[in-house]
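# Structural overview
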Amino acid sequence: MTMMPSPVPWLDTVLVVWFALTALSVAYVAWDAFTRNPELKVMKWGWLLVTLYGGPIMAAAYVLSCQEQATERHEDFIRPLWKQAFGSAIHCMAGDATGVIAAAAVTMALGLPMWQDVIAEYVFGFAFGLLIFQALFMRDMAGGSYARALRMSFIPEWLSMNAVMAGMIPTMVVLMSRDMAAMHASSLRFWGVMSVATLVGFAVAYPINLWLVGVRLKHGMGTVRALGHGGHEVAAEPRSATPMPGMEHGTMQGMNDMATGSRATRPQIIAMTVLTLVMLSAGIIVATLFGSWAM
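Just so we're clear, the structure is a prediction, and the values are computed from it rather than from any experiment.

Thresholds applied
Residue indices follow the written sequence of each chain, beginning from 1 at its first position. The model is predicted, so local features are restricted to residues of pLDDT at least 70 and side-chain atom pairs to those at 80 or more, both for listing and for counting; the totals for chains, interfaces and linings are taken over all residues. Calculation of side-chain values draws on the structure's entire complement of heavy atoms; hydrogens and water are dropped beforehand. A run of DSSP states H or I qualifies as a helix once it reaches four residues; a run of E qualifies as a strand once it reaches two. Both are numbered from the N-terminal end. Working definition: with a 1.4 Å probe on protein chains only, accessible area under 20% of the residue-type maximum means buried, over 50% means exposed, and in between means partly exposed. Only Phe, Tyr and Trp rings take part, Trp by its six-membered ring, and two of them pair if their centres are within 6.5 Å. Stacked means planes under 30 degrees apart, edge-to-face means over 60, and tilted covers everything else. Note that bend, as reported per residue, equals the angle between axes fitted to the 7 residues terminating at that residue and the 7 residues originating from it. Counting of polar contacts relies on pairs of N or O atoms within 3.5 Å, with two restrictions inside protein: one atom must be capable of donating a hydrogen and the other of accepting it, and residues adjacent in sequence are counted only when both atoms are side-chain atoms. In these notes, a set of buried Ala, Val, Leu, Ile, Met, Phe, Trp, Tyr and Cys residues joined through side-chain atoms within 4.5 Å is what counts as a nonpolar core. For this analysis, residues touch if any pair of their heavy atoms sits within 4.5 Å. Two joining distances apply to patches: 9 Å for like charges and 5 Å for nonpolar side chains (Val, Leu, Ile, Met, Phe, Trp, Tyr), and every residue must have over 30% relative accessible area and no salt bridge. To measure how exposed things are, a 1.4 Å probe is used in the Shrake-Rupley method; for residues, cover is taken only from the protein chains shown. Basic side-chain nitrogens of Lys or Arg form a salt bridge, by our definition, when they fall within 4 Å of a carboxyl oxygen of Asp or Glu.

With respect to the helices and strands, Arg148 occurs in helix α6 (residues 146-178). A relative accessible area of 22% places Arg148 in the partly exposed class. Placed 13 residues apart in sequence, Arg148 and Ala135 show a C-alpha to C-alpha distance of 8.1 Å.

Structure representation (structure tokens):
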């Protein structure tokens, strides 16, 4: 692939500053999540990964929506639906974005055209998010059954993935079409594009996750004090009076409610499926109009 002069020569300096701030953000989130915050372990890793991709913006989101406060228990602080949806979207992005970025690094090293890159990114991102971050890491919430966790996770993860890629695809295609240096994983600009794409993907996917958590098709954030380390045990402490969405019982039964007691009707799930596919199609159209698939 022929390298072309960068259209924005000062961008590398901006990226160096951004990634320096990202390193500090990751260090802070890792310290706080693993030493002070009683959130579930899968969410600790989720926040760490999305902060790696989203830098100080995601670190700020962690402080605002998940960090335990000195004056309020974690169980109470994370109860609002908007914070639960943040946790759901973070969990989704940690798996999906990791798969997308890994696939992009490999396919671009192989010199595949952009349209093949995007297909591989969608497939690998969805597979990694579903098979690892959802079904594997959350199998305790399905009674220890990986197969049941996979069945519970498939539709919600697919809907969320469509929304993630509705934001990531046009961001990646348009930005890389304007700067060929961003097509190489050895370039700061590649990682800069991936950071922007992750943030856009999160913003687009958040409303979908808000709905999914609200109708109990996905879990939100939790705490080991209420749910145990695996997300399914009875809390050691007395529970707060007001339950969190999808966790009314503070036990495995609360998680089962998301699979068997969802408030979403079949027509609503179909309608949301159509909506996310329309969003994904719109993202592809934007990428086609303002980017190039032949790179």
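Once you've had a look at it, read on.
Turning next to the packing of aromatic side chains. Each aromatic ring pair is characterised by the separation of its centres together with the angle its planes make. With the rule as written, the count across this model stands at eleven aromatic pairs. Ring geometry for Phe126 against Phe154: centres 5.7 Å apart, planes inclined by 80°, an arrangement best described as edge-to-face. You can see Phe126 sitting in helix α5 (residues 114-136) and its partner Phe154 sitting in helix α6, a full 28 residues away along the chain. By relative accessible area, which is 14% here, Phe126 ends up buried. On the basis of an interplanar angle of 45° and a centroid distance of 6.4 Å, the ring pair of Phe128 and Phe133 is categorised as tilted. Judged by relative accessible area, Phe128 falls into the partly exposed class, the value being 24%.

Taking the largest bend as the criterion, α6 deviates by roughly 40°, centred on Ser153, and proline Pro156 comes between one and four positions later. Between a side-chain oxygen at the N-terminus of α6 and the backbone nitrogen of Arg148 the separation is 3.1 Å; the capping residue is Ser145.

This next bit is on the nonpolar core. In terms of nonpolar packing, the biggest core is built from 65 residues, with Trp47, Met114, Met165, Met168, Met176 and Phe202 touching the most fellow members. Contributions of two or more residues to this core are made by α1 (11-35), α2 (41-65), α4 (81-109), α5, α6, α7 (188-214) and α10 (266-290). For this core, the leading source of residues is α4, giving twelve residues. If we skip the residues at most four places from it in the chain, Met176 touches Met108, Met114, Ala182, Met183, Phe190, Val193, Met194 and Met295.

A surface patch of nonpolar side chains, about 360 Å² in accessible area, is lined by Leu64, Leu81, Trp82 and Leu210. Here Leu64 shows up in helix α2.

Here Val123 is to be found in helix α5. Among the residues examined, Val123 registers a relative accessible area of 52% and is labelled exposed. Put simply, Val123 and Met161 are 38 residues apart on the chain and 10.0 Å apart in space, counted from C-alpha to C-alpha.

On their own, these measurements won't tell you what the molecule is for.
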